[in-house]
Amino acid sequence: MDFWVRSWTAGDLTAARRVLTPDVETEWNFDAPVDDEELLQVLSRIAAFADGVELIARTDAIDGAALVYDLNGPFGTARLVEFLAVDAGSISEIRHVYDVTAVDRFFPGLYAN
């Protein structure tokens with residue numbers, strides 16, 4: 001999971017994709033459809049536009065982890081909670097829960113198609 005965090009927060013989509021299973025399940029709380037490609041594009045935009053992405057908490061389990069990030073923007077901070085399921089060393093499920101009000105305020109248009 002360290003590789004995943006380092007990859008997406010640096011905006012390295014090629015590296016991030018390497019740890020995803022081909023049929024990775026994705027889910028988020030934005031009012032927009034999501035698949036692995038759209039999720040990676042949004043993470044890439046966060047990495048590019050945020051002043052910084054800080055991993056502030058992590059809870060590991062046998063089959064995955066929960067991670068909490070602060071997405072620091074020029075006008076404020078939004079929070080992201082990421083739940084990962086891991087199978088044989090690869091991420092098989094990703095669920096993102098964003099502070100949607102803060103994202104819409106500090107990162108407008110982040111998930112618009």
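Refer to the structure printed above.
What this report covers is the structure whose coordinates are included nearby. Within any chain, residue numbers begin from 1 and follow the written order of that chain's sequence. The predicted origin of the model limits local features to residues at a pLDDT of at least 70 and limits the giving and counting of side-chain atom pairs to 80 or more, whereas totals for whole chains, interfaces and linings rest on all residues. Computation of side-chain values covers all heavy atoms of the structure but excludes hydrogens and water.

## Overview of helix 1 (residues 2-9)
To sort residues, take the accessible area from a 1.4 Å probe on protein chains only and compare it with the maximum for the residue type: under 20% means buried, over 50% means exposed, and anything in between is partly exposed. Segments assigned H or I by DSSP are reported as helices when at least four residues long, segments assigned E as strands when at least two residues long, and all are numbered from the N terminus. Looking at helix 1, one finds that the buried residues are Trp4, Val5, Ser7 and Trp8. For helix 1, the angular spread of the buried residues around the axis is 170°, confining them to a single face. Count one or two residues on from helix 1 and you reach glycine 11, which has phi positive near 80°. To be clear, the arc concerns the directions from the helix axis to the C-beta atoms.

## Considering the pattern of salt bridges
Here, a salt bridge means any side-chain nitrogen of Lys or Arg that lies within 4 Å of a carboxyl oxygen of Asp or Glu. Summed over the entire model, instances satisfying the criterion amount to 5 salt bridges. For the salt bridge of arginine 58 with aspartate 2, the shortest nitrogen-to-oxygen distance reads 2.4 Å. Residue arginine 58 is located in strand 2 (residues 52-61), and its partner aspartate 2 is located in helix 1; the two are separated by 56 residues in the primary sequence. Exposure remark for arginine 58: the relative accessible area of 32% places this residue in the partly exposed category.

## Observations concerning unusual backbone geometry
Positive phi outside glycine occurs at alanine 88, with the angle close to 55°. As for its position among the elements, alanine 88 is in the loop between strand 4 (77-87) and strand 5 (90-98).

## Examining the packing of helix 1 against helix 3 (residues 36-49)
Whenever a helix is involved, its axis is fitted only over the stretch in contact; in every case the axis is a line through C-alpha atoms, and angles between N-to-C directions fall within 0 to 180 degrees. Viewed as axis vectors pointing N to C, helix 1 and helix 3 meet at an angle of 65°, and their least axial separation amounts to 8 Å. Facing Trp4, Trp8 and Thr9 of helix 1, the residues of helix 3 in contact are Leu39, Leu40, Leu43, Ile46 and Ala47. Looking at the contact of helix 1 with helix 3 residue by residue, the classes come out as 7 nonpolar, 1 polar and no charged. Here, two residues are considered to be in contact whenever any of their heavy atoms come within 4.5 Å of each other. Polar here means any residue outside two lists: the nonpolar Ala, Val, Leu, Ile, Met, Phe, Trp, Tyr, Cys and Pro, and the charged Asp, Glu, Lys and Arg; Gly therefore counts as polar.

## Overview of the nonpolar core
Side chains that are nonpolar tend, in soluble globular proteins, to be buried together. Nonpolar cores are built from buried Ala, Val, Leu, Ile, Met, Phe, Trp, Tyr and Cys residues. Side-chain atoms within 4.5 Å join them into one set. Core analysis: the biggest nonpolar cluster contains 33 residues, and Trp4, Ile46 and Tyr98 have the highest contact counts within it. Of all the secondary structure elements, the ones that give two or more residues to this core are helix 1, helix 2 (13-18), strand 1 (20-28), helix 3, strand 3 (64-72), strand 4, strand 5 and helix 4 (100-106). Counting residues per element, this core draws most heavily on helix 3, which supplies 5 residues.

Geometric values such as these leave the question of function open.
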